[in-house]
Amino acid sequence: MAVSSIHSKNICTNPSFQGALQHKLSKRLYQKDELDKMLNDYSEEERYLGSLPPSWVKDFTPDEIGERTELVFKTFSEFAKSVYELEENRCAIEERKLRELEFEIAALQGKTLQNNLIEEKWEEYSRCLEKLVNKFEEDDYVKLCEKLSSELSNLLNKKIDAKYLDDGTFGVVFLISADEEKYSLKVFKPLESEINDNGGTVEPANAIYADRMMKPERCAKVYCGKVASDNENDAFILTKYIEPEACDLRRMNDVLKWIYNADMLSNRFTFTDVKPSDPFNGNFINGTLVDFGGIEFTCKSAKEYKLMKQLHQAIKSGDTQKIRKIKAEHGKSEEFENCMRRILSYAELLSNRNFMAAHDKIYSSSTDKMIKGFKELGVKLVRFDDDAWQYLYDAN
């Protein structure tokens, strides 16, 4: 990694390896197949993105910062590889342990032993079987975390503590503590099949764009990461740690409205990893995005997104003159047709009694102005009870 690639203007406060790849990724979200092709043009070192937290490098000279940043990035990559390999070999290791214990227990049967040795072996056997079924035990990561803590402490000349935090279908998250600050380090598990919306290729790329485009309260600060292709296993993302806390009902509803894209389906982003059983849908803590899998653009293009926002504002305010103007200018375009499909989907949600009853704090009933706006587009909303609206659509 070339030290000269660091942006000199920020070198003392936020040194970055922001090269051509990061510039591309900060412009928009990319599909998995696009990223696969793109990564062929970049070396392994060029796939490192972002910067270390400023407090980690504030005591280093400009000449030291580049080298230290490079070494920390590589340390994270090696750690990611170790976790990947542990996950990859976990089943084989536990199955071998089970076979060995079976032979040991069989050999001990009928013998007079002290200290309940056979019972202890059976207990060990049960633990191995449990690990094989659940494919996880926190103790598995202790040695890896101790090694990472030691290496980071030596590189940064301060006490760094790494420990397991949580895991999911696609990755494992570790808590990195330095002084009074906390960070989340996500690394990735082996995938049983090719996944388009998650994993070490898509998520670091999504994180770069989301960090630039979303409001700070909506997205955990992304410091650095590495994008990996399918044949690599060293991807990682380092973000600010978000401490879970109680959230008042009003803020929760506002956040859920954004997460569910409940404002006439006009948000920039759609989050496909939504989990209805979790008020913040798993990928969010206190309404802040912390997991970057399953993020898509709601609209197919910037032109379509701009048109959707215009229609949304015009409908919400009941501005029939504006709606007629939009129809005259864009009514025959593909973008307008796509926007109308979303508007009709939104009208369907408002007309679904069960849905509205379950989401009455998120999807609010239409106002008189909105009914007027819908009508101008040929969507006639009719109140059929106190909770929901029926709609009829006349394209003419």
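Described below are features of the structure shown in this document. Computed from a prediction, not measured in an experiment: that's the story for all the values here. (Residues numbered from 1 in each chain as written. Predicted model: local features only at pLDDT ≥ 70, side-chain atom pairs only at ≥ 80, totals over all residues. Heavy atoms only, no water.)

Focus on the environment of Phe-79
For step 1, the next point in the chain: As for its position among the elements, Phe-79 is in helix H4 (residues 62-108).
For step 2, the next point in the chain: The residues contacting Phe-79, other than those within four sequence positions of it, are Leu-144, Cys-145, Leu-148, Phe-174, Leu-185 and Val-187. (Helix = DSSP H or I, 4+ residues; strand = E, 2+ residues; numbered from the N terminus. Contact = heavy atoms within 4.5 Å.)

Side note on the pattern of salt bridges
For step 1, the next point in the chain: Evaluated as defined, the whole model comprises 17 salt bridges.
For step 2, the next point in the chain: Lys-74 is paired through a salt bridge with Glu-70; the nearest N and O atoms lie 3.3 Å apart. In this pair, Lys-74 and Glu-70 both sit in helix H4, four residues apart, roughly one turn of the helix.
For step 3, the next point in the chain: Judged by relative accessible area, Lys-74 falls into the partly exposed class, the value being 32%. (Salt bridge = Lys/Arg side-chain N within 4 Å of Asp/Glu carboxyl O. Buried < 20%, exposed > 50% of the residue type's maximum accessible area, 1.4 Å probe, protein only.)

Digging into helix H9 (residues 302-317)
For step 1, the next point in the chain: With 16 residues, H9 ought to run about 22 Å at 1.5 Å a step, and its terminal C-alpha atoms sit 23 Å apart, in line with that.
For step 2, the next point in the chain: Burial in H9 covers these residues: Glu-304, Tyr-305, Leu-307, Met-308, Leu-311, His-312, Ala-314 and Ile-315.
For step 3, the next point in the chain: Residues of H9 that are buried sit in contact with helix H10 (320-330), helix H11 (334-351) and helix H13 (368-376).
For step 4, the next point in the chain: Where H9 terminates, the next one or two residues include Gly-318, which has phi positive at roughly 65°. (Expected span 1.5 Å × (residues − 1).)

Some thoughts on the sheet that holds strand S4 (residues 181-188)
Strand pairing in a sheet takes place through backbone hydrogen bonds and is either antiparallel or parallel in direction.
For step 1, the next point in the chain: Spatial strand order, S1-S5-S6-S4-S3-S2: six strands in an open sheet with antiparallel pairing. At either margin of the open sheet sits one strand with a lone partner, and together these are strand S1 (48-50) and strand S2 (160-167). Ignoring which end each strand starts from, the neighbouring axes of this sheet average 20° apart.
For step 2, the next point in the chain: Both S4 and strand S6 (residues 236-240) contribute to a ladder of five bridges, which runs antiparallel. Of the residues in S6, the one forming a bridge with Val-187 is Phe-236.
For step 3, the next point in the chain: Sheet strands touched by helix H6 (residues 142-156): S2, strand S3 (171-178) and S4. Its angle to S2, the strand with the most contacts, is close to 140°.
For step 4, the next point in the chain: The sheet contacts of helix H7 (residues 202-213) involve S1, S4, strand S5 (222-226) and S6, and relative to S6 the element is tilted by about 30°. (Pairing = 2+ DSSP bridges. Axes fitted to C-alpha atoms, helices over the stretch in contact; angles between N-to-C directions.)

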